[in-house]
Structures are given as C-alpha cells and as structure tokens.
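One letter stands for each residue in the lines below.
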Amino acid sequence: PSATIGVTGLAVMGRNLARNLARNGHTVALHNRTHARTESLVAEHGDEGTFVPSERLEDFVASIEQPRAIIVMVKAGAPTDAVIDELVPLLDEGDIIVDCGNAHYADTRRREQQLSDKGIHFVGCGVSGGEEGALNGPSIMPGGSRHAWDRLGPIFRSIAAEVDGEPCCVHVGPDGAGHFVKMVHNGIEYADMQLIAEAYDLLREGLGATPAEIADIFRTWNEGDLESFLIEITAVVLAQEDADTGTPFVDVVVDQAEQKGTGRWTVQSALDLGVPITGIAEATFARALSSHAEQRGPARDAFGTETGELDASDRDEYIENVRLALYASKVVAYAQGFDQIKAGSVEYDWDVDPGAMAMIWRGGCIIRARFLDRIHDAYTDDPDLPSLLVAPYFADAVRNGLDAWRQVVSQASLAGIPVPAFASSLSYFDGLRRERLPAALIQGLRDNFGAHTYRRIDRDGMFHIEWAGDALQHDA
Ligand code: 6PG
C-alpha cells in the first residue's frame, strides 16, 4: 500500500478535495462507483500529484496505508450508509472512515457508535467553502476520536485554508461535534444571506438605485466592519448582467430561495435544545415563504402590492443606517449561533471551544469574515461569556447601531417592506434586556387553565392558585 489517504465519491467536492490533497504532497487513493469519473480525474489532473486509482473497492482499500484513512464524499443520508456498509467488511481495526458530506450530526453519532463497536473510527467532518474551497483550501471541522485526529490532523491542516499562518482546521470534539458545528455554520450562513438580502431590498426600494449601484455600496461596505466573503460576492452578483436580456441578472432570477436542508436542521436542533436562534429561524422561514407561490399570488390579489415611502432624503445617512442595522442584526445572528454551539456541546458532552470555531471560520468557509477575529477574542477574554452580545466589542457595536437599527426596522414596517431577520433580531435584543417580560402572564395563564404551577419572585418553590375554574371543575 502506498497511499496516505483515500477518497471515494469523486463528484465535484470529492474530486477537488482529492486534488487538493495531491497538490499538497499526499498520495491519494481514488475510487468512484462509476470508474469513468476516476479515469477522467487522473487524465485531467494526474500531473498535480500522485494518485492511485482503483476500479474495485477492494483494491482501493488495499492501496491505503494502515491505519487507513478513507474520505467518503457522497450524498448525505442513504448513499452514505450504503458506502459505509460496503467499506466496513474490507477494513481492519483502527481504520478511519471520514464523512466529509453535509450529514446530520445525529446520523454521524449513530454511525460513530455502530462502527466503534467494530473498532472502526468514524469521523463526521464538516467541510465548508464550496467547490473552490475544497480545491484551494476549505475550512475543515472534523469530529471523531483522538486516534482519528492524530492520523488525520496533519493531513487536514495541510490542505485547509490558512489565515495568519494558522490552518482553518482543529479537532472540534468527539463523534458528531464536527457535523453539528458545520450545521450551525450553515444556519449562520442562512441568516447572513437573509440579512444581506433585506439590506439590498431596503437600498433598492429606498434609494431607487439600480443593482449595479447597490453593488458599489456593498463594495464599500466590504472595506469596513462588514468585510466578508458574502458581502464581497453580493457585489459581484448584483453587478452581474443577464447575457440574454442585458438587464440586471438579479431581476431575471425567480424570487424563490431553495435549500438543501442544513438551515432547517439547525432550527430543528435549536428547538430541541431550547436555544432561541430567531435570526436563523426567520432566515429559514423567509426562504420557505418565498417559495410558496400558490399563496403569494392570492395574497397579492387580496391586498395589493403597494409599499409606502422610505425616507432616504439624506442618501448617505440612509445607507449608513441600513449598514448599521445589518451589522447589529449580524451580531445577533452570530451570538445565537454560538449559543447553539455551546448548548449542543453541553448536551452531548463535546467540550467544543467556541473561540476555536471562530478561528477556523476566518478562512475557507462561506461565512469567512473579518469580525470572526473579534468573536475569537471575546471568548479568549471570557470563556464563560453568557452571550456574544455582551462582550465589550460587540456591546459597543450594538449600542452604536441601535438608533439606526430602530429607524430602519420601524420605517420598513411603516412602508410595508418585510424585514423578518432585521426585526426579529431587534426584538431578540430588546427581549434579552427587558426588565420584566410578559412571560409572567404566560405562566399565569398556564396555571389557570392547566394547573401548571408558577414560581414567585419573592419565595422559592412551585405555586398554584385555586382558580374559580378549578372549583367549577370539581363541581362538575
Ligand atoms: C459551505 C456551504 C455548502 C452548501 C450549502 C448550501 O459551507 O460550503 O454551506 O455546505 O453550499 O449547504 O445550502 P443550501 O442549498 O441549503 O442553501
């Protein structure tokens, strides 16, 4: 055996990971169900490094040094299980299977458990950065055992993106930790994109600007606090013209956002963990709303599509207000995402270091951004930070943007322009800082109709009132 690592599943992500590995000096065993794909990879890119292609899975496995490390890069769900089932009989104790797809962390936990009974190490590994990242340096989030990390760490760190000389890859934690963190990364990605979309809508509506003009605004924003990959490509997409019609590309795209499911998983998990990730949830639901054409049509017919005026008489101030609202909402979205990572880590005993996650998201991944450095600093200064929002740097940012944030949300509401992520983030912020929440009334209602009991502000214990209705029920 001569290969240091193997890759099976050579669609574009697997292919690019394999090339990245080879370019970084690793001898890479290759396998794909349809062998032609393996052959074309070697034919087109064989000169980039050393590949060991095999048509049969047995030969592929045999070509890898022990303990073997095998990356599986196939569709999440049943296809992943199918490949694992084929691989397992061919493996030896101590061998490592790495699932680099966007698997659900619960599946990863199940697979890890099942394989560890057989002495095989299963690593659920988040990989972010799309096709380009896979080839030139992604952010890599591996879970799994120490043994697996010892074998994989040096290899993964050699192919990951680098920021300030630091590879964007650390061992996230045991079993499903890597895929969990990747899932939350995607949830944050959804929130980031929704916030950007709302900002674009407000700029377009308020300024009557063309997409190309708005592209310029985003380009300027990318030089400040908001500097990030998503802001950068927003400028690119907005500046794009449609080749057929010569109109802005964004105007020929059907306005229904799709999703493959990771945002939905993030929200489902947050519900189970009881973490209010309202920004991510609104972003996920906003995509769902956009896709319900069968309701949007009748709603337009029933209510009309008119919107009110947005006051952009001071153009620069208007743009700056939208920017500040975007930034404050973004801080909320990240604060919520990091809350979820911490809650997942406690629930599953993963001991995930949130500051380290911010570090490995600085490069390679879709949400890479300048302000992740600040998140890392915040957790370094206080590992027990109750919320990112109260870390001094972010608290200042929110205070600084607060008036603008309120202006933007209230103006949008008055004009009838939906800003679900901006508005829910602001409500979240106001909810957290409220002296007394009307949750007290909810407790009262629960005690009234269901004797669910309540706690008091002045005494410990659980209490219940004998409501008039209780007596009626006894009489009946
Ligand atoms: C990444 C991306 C990647 C993928 C998303 C898209 O980190 O590289 O997140 O995983 O592009 O899953 O998700 P949707 O299709 O759900 O928008």
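In this text, all values refer to a predicted model and were calculated from it rather than measured experimentally.

Caption draft 1: Geometry of the overall build of the protein. On a plain count of helices and strands, the protein comes out with 21 helices and 9 strands. The dimensions of the protein, computed from C-alpha atoms along their principal axes, are 75 × 70 × 50 Å. The buried share among the 476 residues of the protein stands at 51%. Long-range contacts, defined as pairs at least 24 residues apart, comprise 68% of the intrachain contacts of the protein with a sequence gap of at least 6.

Caption draft 2: Expanded view of the site of the ligand. Neighbouring residues of the ligand: 14 residues in total, closest N102, S128, E189, Y190 and K260. Within the side chain of E189, a nitrogen or oxygen atom sits 2.6 Å from an oxygen atom of the ligand. Between an oxygen atom of the ligand and a main-chain N or O atom of K260, the distance comes to 2.7 Å. Protein contact buries 81% of the 420 Å² of open area that the ligand shows by itself. Among the elements that take part in the shell around the ligand, helix α8 (residues 177-207) stands out by supplying 5 residues, more than any other. In terms of residue class, the shell around the ligand is made up of 2 nonpolar, 8 polar and 4 charged.

Caption draft 3: View of a nonpolar patch on the surface. Taken together, the side chains of V236, V237, F249, V252 and V253 make up a nonpolar region of the molecular surface, amounting to roughly 370 Å² of accessible area. Of all elements in the fold, only α10 (229-239) and α11 (249-252) reach the threshold of two or more residues within the nonpolar patch. Topologically, F249 is positioned in helix α11.

Caption draft 4: Region of the structure containing the pairing of strand β6 (residues 121-128). Taken across its 8 residues, β6 has 7 buried, putting it largely inside the fold. Relative to β6, strand β5 (residues 96-99) runs parallel, the two being bridged by 4 bridges. Paired with V98 across the strands is V123, a residue of β6. Where β6 lies against strand β7 (residues 139-142), 4 bridges are found, and the strand directions are antiparallel.

Caption draft 5: Local environment of the UniProt feature "binding site: substrate" (unreviewed entry) in the protein. Sequence positions flagged by UniProt for "binding site: substrate" (unreviewed entry) are, in local numbering, N102, S128, G129, G130, H185, N186, Y190, K260, R287, R446 and H452. Taken together, the annotated residues stretch across 351 residues and extend over separate regions, lying up to 48.7 Å apart by C-alpha. Summarising the element assignment, R446 is placed in helix α20 (residues 439-450). For R446, a relative accessible area of 30% corresponds to the partly exposed category.

Caption draft 6: View of the side chain of S228. By secondary structure assignment, the location of S228 is in the loop between α9 (211-221) and α10. On the basis of relative accessibility, which here comes to 7%, the residue S228 falls in the buried class. When sequence neighbours within four positions are dropped, the list of residues in contact with S228 reads N222, K330, R368 and A369.

Caption draft 7: Geometry of the packing of aromatic side chains. All chains considered together, the criterion is met by 14 aromatic pairs. With centroids separated by 5.6 Å and ring planes inclined at 45 degrees, the aromatic side chains of W405 and F429 adopt a geometry described as tilted. Highlighted residues: W405 in helix α18 (residues 392-415) and F429 in helix α19 (residues 420-433), separated in sequence by 24 residues. Accessibility assignment for this pair places W405 and F429 in one class, buried. Members of the aromatic cluster, each reached through a chain of ring pairs, are Y327, Y334, F371, Y393 and F394.

Caption draft 8: Quick look at the nonpolar core. Membership of the largest hydrophobic core comes to 92 residues, with the highest contact counts inside it found for F218, W221 and W361. Beyond its immediate stretch of four places on either side in the chain, W221 contacts A199, L203, L226, E227, I231, I319, V322, R323 and L326. Judged by nonpolar contacts, the second largest core, of 31 residues, contains A18, L21, L41 and V123.

Caption draft 9: Examining the sheet that holds strand β3 (residues 51-53) more closely. Overall, mixed pairing links the 7 strands, which are arranged β3-β2-β1-β4-β5-β6-β7 in an open sheet. If you trace the sheet from one side to the other, it starts and ends with β3 and β7, each paired once. The mean angle between the axes of side-by-side strands here comes to 25 degrees, regardless of whether they run parallel or antiparallel. Here helix α5 (residues 105-116) sits on the sheet and contacts β5 and β6; the angle it forms with β6, its principal contact strand, is near 155 degrees.

Caption draft 10: α20, seen in detail. Look at α20: 16 Å from first C-alpha to last across 12 residues, which is about the 16 Å you get at 1.5 Å a residue. Positioned one or two residues after α20, A451 has a phi angle of 50 degrees, which is positive.

Caption draft 11: Spotlight on the state of the cysteines. A full pass over the atoms with the stated rule returns 0 disulfides. C168 supplies the cysteine sulfur nearest to C365, a cysteine that is in no disulfide, at a spacing of 7.3 Å.

How each quantity is defined
Residues numbered from 1 in each chain as written. Predicted model: local features only at pLDDT ≥ 70, side-chain atom pairs only at ≥ 80, totals over all residues. Heavy atoms only, no water. Helix = DSSP H or I, 4+ residues; strand = E, 2+ residues; numbered from the N terminus. Buried < 20%, exposed > 50% of the residue type's maximum accessible area, 1.4 Å probe, protein only. Contact = heavy atoms within 4.5 Å. Near = heavy atom within 4 Å. Polar contact = N/O pair within 3.5 Å; in protein donor to acceptor, adjacent residues only side chain to side chain. Areas by Shrake-Rupley, 256 points an atom, 1.4 Å probe, with all protein chains shown as cover. Nonpolar A, V, L, I, M, F, W, Y, C, P; charged D, E, K, R; others polar. Patch = residues over 30% accessible without salt bridge, like charges linked within 9 Å, V, L, I, M, F, W, Y side chains within 5 Å. Salt bridge = Lys/Arg side-chain N within 4 Å of Asp/Glu carboxyl O. Pairing = 2+ DSSP bridges. UniProt positions renumbered as here; feature names shortened; annotations may be inferred. Phe/Tyr/Trp six-rings, centres within 6.5 Å; stacked < 30°, edge-to-face > 60°. Core = buried A, V, L, I, M, F, W, Y, C linked by side-chain atoms within 4.5 Å. Axes fitted to C-alpha atoms, helices over the stretch in contact; angles between N-to-C directions. Expected span 1.5 Å × (residues − 1). Disulfide = S-S within 2.5 Å.

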